[in-house]
Amino acid sequence: MSPLQLCLVLSSLLFCVGLAGALARSNTILVLLGIELMLNAANLNFIAFWRYGPQPAAGLGVIFVLFAIAVAAAEAAVGLALVIAIHRHRKTVRLQDSTALKG
Amino acid sequence: MNLETLPLQVRDWIVGRFPDALQWLVHHLLSITAILTVFGLFFAFTTIAERKLLARLQNRLGPNRSGLPWFRSLKLWGLTQPFADAIKAITKEDVVPAAADKVLHFLAPVVIVAFSLLGFAVLPFGRHLIPVELDAAILYFFAAGTATELAIFMAGWGSRNKYSLLAAMRALAQLISYELPLILSVVPVVMIVGTLSTQEMVLAQGGWTWGVLPHWHVFTPWGFAGFLIFLVAALAESNRSPFDLPEAESEIIAGHLTEYSGFKYALFFMAEYFGLTALSGLGVTLFLGGWQAPCAFLEFIPSWLWFMGKLASMIVFFIWIRGTLLRLRIDQLTRLSWKFLVPLALLNLGNAAFWALTPGWTGPLALARWAVSAAIIIVPFFLLGRRLSAGYAPRTYRYAA
Amino acid sequence: MTLALLLIGFLLLAAAGAAMLSRNLIHSALLLTGAWAGIAGFYLWAGAEFVAFAQVLVYVGAVSMIVLFAVLLTRQGATTAPVEFDSFRRAAAGIITAGGVMGVLFGAILGTPMDVTSAPPPASITVRQIGAQLMGPHAAALLIVGVLLTVALLGAIVIAAVDKPDDPAP
């Protein structure tokens, strides 16, 4: 197995850990954390392909990861604010309990 | 024998004793040992200096009794006090609450000390003395500092004490509020110098006008404003008075450290001083010319002595502030950050941009450059300061004359 | 080099897996912070220093704090109250799905002939290069990210802010 494949296997394992967590748990915060893990796994791929790609000097993978980190931070902030707002209205953080769109 | 490169010669001599395969390891271990020893001792003597200086500021004598174990007649002005304190801290009982989260309660002091030491790795202590030369040193420094917040949370929540948890939340609110002005006050320097490497920042401040006026960043309008914002934010980031609300020892018990005792408490104390020293070192590097001598004819003194001297004077300045100013309330503290320091730091960023765009203004235009740059920062300072104190000043004292 | 990667990967996966399995939300969040730090370790291993420090600054410093505050603000009863798995069916479905996705991904990775040189030079990129890239060809994206972050900040405050008691009921 080449080092690139090793990196890809690592990132896909991480992705699946995040996916399993996001699907199996019902606490909204844990689901959000699982999604964050999946995003991070995608970032690992960018870095791996940048490292072993044909043009590491161009640094496209690095730039992409920087943007992805910024967007993921924004997503986490808004997502957790939503969790807090839902908790205030429904007194619950379980996903199944907030199924109606009407506030 | 050259004093300037003496530490390097000693290091190379020791590294040379080892086989080739191990040399890189010994090289790095020596750097780590040097940092631990120098700053461990620096911490010890900072505590005694703080106690003696505060005592003098309050018209007391301070600790002056501890001498040497077998030479009772030698008092040494109480200079061995920190070692006596260390022995006391180690031999005290380590109390862990029965309900505490044992792992987190144990991990918090370890994490905070380990990460507070990381920042020293990128500080240039001398012309040739820098433990690790990183391309993104400033970013590394702030990244290493983030673990402090986690450790405080771990300490507060792991203690299972509601006062600890509440105090940890207050401490976190303070740290998060002041991280913003701290980083924003550093950005202008990065902008002007055009690098994130600490060594290059010091090199950029080299040279003198007429051999006596150093080209340090603190002697420019944006640099002076940035330095002041940095000082205030650094005071708050390292929980120093007048921002020492998280563990205001004379009012609340000890904040998030309530359930800590013995050596663990000493570790938190140590981490606080390491953090303060590292931040002061960064301030010296960014604004006070790092290891550069203030005048051309003083250059014969080794650069690392200049650095340590500046560092020590920063620490003494912080002690002086502690002895002078009163503690703020939590609402005053956060308001100062969000309504005063952050806007001012953002304006200072624009100020630095103006400075970077007008290097060609020489002769009489240089005066205009200084005037505009100073006005950009002084006018908002007074306007914001007025708004900040509106309704609060002048104070009326009901029960005091 | 490979040994270091394996070590980082093992710690990373152990922390992430433990975070997803833990019944204590605070432990989950702290373990996940460890996993994020491990990802920064992977970036360091790959030679992307700047990204590694940015990852630590954003995830370990900022996102972890938001998560911890969110956990404390949405608790019911003690923060130590265990958060149980919802049902066996849900857990099994999640794990089976993740296993299926993992099988597909592994098949794709191991079945694809990777066209890489066996020993690439240690890639590295200086901060100056990254800055030139961000301000040059990616300036528009940088501006948009700035706007996005500002909007997200304001949005998060508006969503999470407590309505004043004297507000008329919606």
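Residues numbered from 1 in each chain as written. Chains lettered and ligands numbered in written order. Predicted model: local features only at pLDDT ≥ 70, side-chain atom pairs only at ≥ 80, totals over all residues. Heavy atoms only, no water.

Our focus in this paragraph is the overall build of chain A. For chain A, the helix and strand inventory stands at three helices and zero strands. Listed N to C, the secondary structure of chain A is α-α-α in terms of helices and strands. A compact globule built from 103 residues should have a C-alpha radius of gyration of about 13 Å, whereas chain A, at 17 Å, is more than 25% larger. Projected onto its principal axes, the C-alpha positions of chain A cover 50 × 25 × 15 Å. When the 103 residues of chain A are sorted by exposure, 63% land in the buried category. Counting only contacts in chain A whose residues sit at least 6 apart along the sequence, the fraction spanning at least 24 positions is 57%. Counting only carbon and sulfur atoms, one obtains 72% of the accessible surface of chain A, whose full area is about 3900 Å². (Helix = DSSP H or I, 4+ residues; strand = E, 2+ residues; numbered from the N terminus. Rg over C-alpha atoms; globule rule 2.2 N^0.38 Å. Buried < 20%, exposed > 50% of the residue type's maximum accessible area, 1.4 Å probe, protein only. Contact = heavy atoms within 4.5 Å. Areas by Shrake-Rupley, 256 points an atom, 1.4 Å probe, with all protein chains shown as cover.)

Per-residue confidence for chain B averages 86 on the pLDDT scale, and 98% of its residues sit at or above 70. The complex prediction reports pTM at 0.89, with the ipTM value standing at 0.89. (pLDDT = per-residue confidence, 0-100.)

All names here are of chain B. Looking at the secondary structure, you find Val193 in helix H7 (residues 162–193). Along the chain, Val193 and Leu298 lie 105 residues apart, while their C-alpha atoms are 25 Å from each other. If we ignore the near neighbours within four places in the chain, the residues touching Val193 are Glu200, Met201, Ala204 and His217.

Moving on to the domain arrangement of chain B. Residues and elements named next belong to chain B. Looking at chain B, the domain boundaries give domain 1 (1–91) and domain 2 (93–358). Computed over C-alpha atoms only, the centres of domain 1 and domain 2 are separated by 21 Å. Domain 1 puts 22 residues into the contact, and the matching count from domain 2 is 30 residues. Summing the contributions of domain 1 and of domain 2, the shared interface buries around 2300 Å²; its carbon and sulfur component is 80%. Contact with domain 2 buries area across many residues of domain 1, yet Glu4, Phe39 and Phe43 alone supply 27% of it, more than any other trio. Inspection of the domain 1/domain 2 interface yields two salt bridges. Among the ionic pairs, Arg322 bridges to Glu50, the shortest N-O distance being 2.7 Å. Here domain 1 is connected to domain 2 by four residue pairs in polar contact (both at pLDDT 80 or more). Put simply, the parts of the chain that give the side of domain 1 that touches domain 2 at least two residues each are helix H1 (6–16), helix H2 (23–57) and helix H3 (81–91). Counting residues per element, the side of domain 1 that touches domain 2 draws most heavily on H2, at 14 residues. (Domains from an automatic or database assignment. Buried area = accessible area lost by both parts, 1.4 Å probe. Salt bridge = Lys/Arg side-chain N within 4 Å of Asp/Glu carboxyl O. Polar contact = N/O pair within 3.5 Å; in protein donor to acceptor, adjacent residues only side chain to side chain.)

A word on the interface of chain A and chain C. The accessible area lost on association of the parts is a frequent measure of interface size. Facing 68 residues of chain A, the contacting portion of chain C comprises 79 residues. For the pair chain A and chain C, the summed buried surface comes to about 6600 Å²; carbon and sulfur atoms form 78% of the total. Taken as a group, Arg25, Arg51 and Phe67 of chain A account for 11% of the area that chain A buries against chain C, more than any other trio of residues on that side. Seen at the junction of chain A and chain C, the total is zero salt bridges.

Next up on the list: the pattern of salt bridges. Residues and elements named next belong to chain B. Enumeration over the complete set of coordinates arrives at seven salt bridges over all chains. Among the ionic pairs, Asp12 bridges to Arg11, the shortest N-O distance being 3.7 Å. By relative accessible area, Arg11 is classed as partly exposed at 23%. With a closest N to O distance of 3.0 Å, Arg329 and Asp331 form a salt bridge. The class of Arg329 is partly exposed, set by a relative accessible area of 44%. Classification of Asp331 as partly exposed rests on a relative accessible area of 34%. The network of salt bridges with common partners includes Glu50, Arg240 and Arg322.

All names here are of chain B. In total, this model carries 27 aromatic pairs over all chains according to the counting rule given. Residues Phe43 and Phe274 carry aromatic rings whose centres are separated by 5.9 Å and whose planes lie at 50° to one another, so their mutual orientation is tilted. Taken as a pair, Phe43 in helix H2 and Phe274 in helix H10 (residues 262–287) lie far apart in primary sequence, 231 residues in all. No difference in accessibility class separates Phe43 from Phe274, as the two residues are buried. Ring geometry for Phe45 versus Phe83: centroids 6.1 Å apart, planes at 75°, classification edge-to-face. Placement of Phe45 in helix H2 and of Phe83 in helix H3 is noted, with a sequence separation of 38 residues between them. (Phe/Tyr/Trp six-rings, centres within 6.5 Å; stacked < 30°, edge-to-face > 60°.)

Here we come to empty space enclosed by the protein. All names here are of chain B. A complete count under the given rule lists three cavities of 30 Å³ or more for this structure. Taken as a whole, the largest cavity encloses approximately 470 Å³ of empty space. Together, 28 residues line the largest cavity, and Gly145, Thr148, Glu237, Gly275 and Leu279 are the ones closest to its centre. Looking at the lining of the largest cavity, the elements that each hand over two or more residues are helix H4 (102–118), helix H5 (137–145), helix H6 (147–158), H7 and H10. (1 Å grid on protein atoms, 1.4 Å probe; cavity = no way out; pocket = protein on both sides within 12 Å on 5 of 7 lines; lining within 4 Å. Points joined across faces, edges and corners; volume = space filled by probe spheres on them.)

The next point concerns the interface of chain C and chain B. Of the residues lining the interface, 23 residues belong to chain C; the matching set on chain B comes to 24 residues. Taking both sides of the interface into account, the surface hidden between chain C and chain B amounts to around 2000 Å²; carbon and sulfur atoms contribute 79%. Looking at the side of chain C facing chain B, the largest losses of area belong to Phe53, Leu57 and Met65 of chain C, adding up to 28% of the total buried there. Counting across the interface, chain C meets chain B through zero salt bridges.

On to the packing of helix H3 (residues 60–90) of chain A against helix H5 (residues 127–135) of chain C. One way to put it is that H3 of chain A packs onto H5 of chain C with a least axis distance of 10 Å and a crossing angle of 70°. For the element pair H3 of chain A / H5 of chain C, the angle class is roughly perpendicular. Classified by chirality, the crossing of H5 of chain C by H3 of chain A is right-handed. Of H5 of chain C, the residues touching H3 of chain A (which contributes Val62, Ile63, Leu66 and Phe67 of chain A) are Ile130, Gln133 and Leu134 of chain C. Its residues assigned to classes, the contact of H3 of chain A with H5 of chain C comprises six nonpolar, one polar and no charged. (Axes fitted to C-alpha atoms, helices over the stretch in contact; angles between N-to-C directions. Parallel < 35°, antiparallel > 145°, perpendicular 65-115°, else oblique. Left-handed = near helix turned anticlockwise from the far one by under 90°. Nonpolar A, V, L, I, M, F, W, Y, C, P; charged D, E, K, R; others polar.)

It is worth spelling out the nonpolar core at this point. If you look at soluble globular proteins, the nonpolar side chains tend to sit buried side by side. Counting residues in hydrophobic clusters, the biggest one holds 174 residues, and the most contacted among them are Ile47 of chain A, Phe120 of chain B together with Phe42 and Tyr43 of chain C. The element best represented in this core is helix H3 (residues 49–73) of chain C, accounting for 15 residues. One finds Cys16, Ala20 and Met38 of chain A together with Ala98 of chain C within the second-largest nonpolar core, a separate group that totals five residues. (Core = buried A, V, L, I, M, F, W, Y, C linked by side-chain atoms within 4.5 Å.)

Time to look at the arrangement of the chains. The pair of protein chains exhibiting the most contacts, out of two pairs of chains in contact, is chains A and C. Without any contact between them, chain A and chain B keep their closest C-alpha atoms 14 Å apart.

Our next topic: helix H1 (residues 2–21) of chain C. Taking 1.5 Å as the rise per residue, H1 of chain C with 20 residues should run 28 Å; its terminal C-alpha atoms sit 28 Å apart, in good agreement. Of the positions making up H1 of chain C, those classed as buried are Leu5, Ile8, Gly9, Leu12, Ala15, Ala16, Gly17, Ala19 and Met20 of chain C. Packing partners of the buried residues in H1 of chain C comprise helix H1 (3–24) and helix H2 (28–52) of chain A together with helix H2 (25–46) of chain C. (Expected span 1.5 Å × (residues − 1).)

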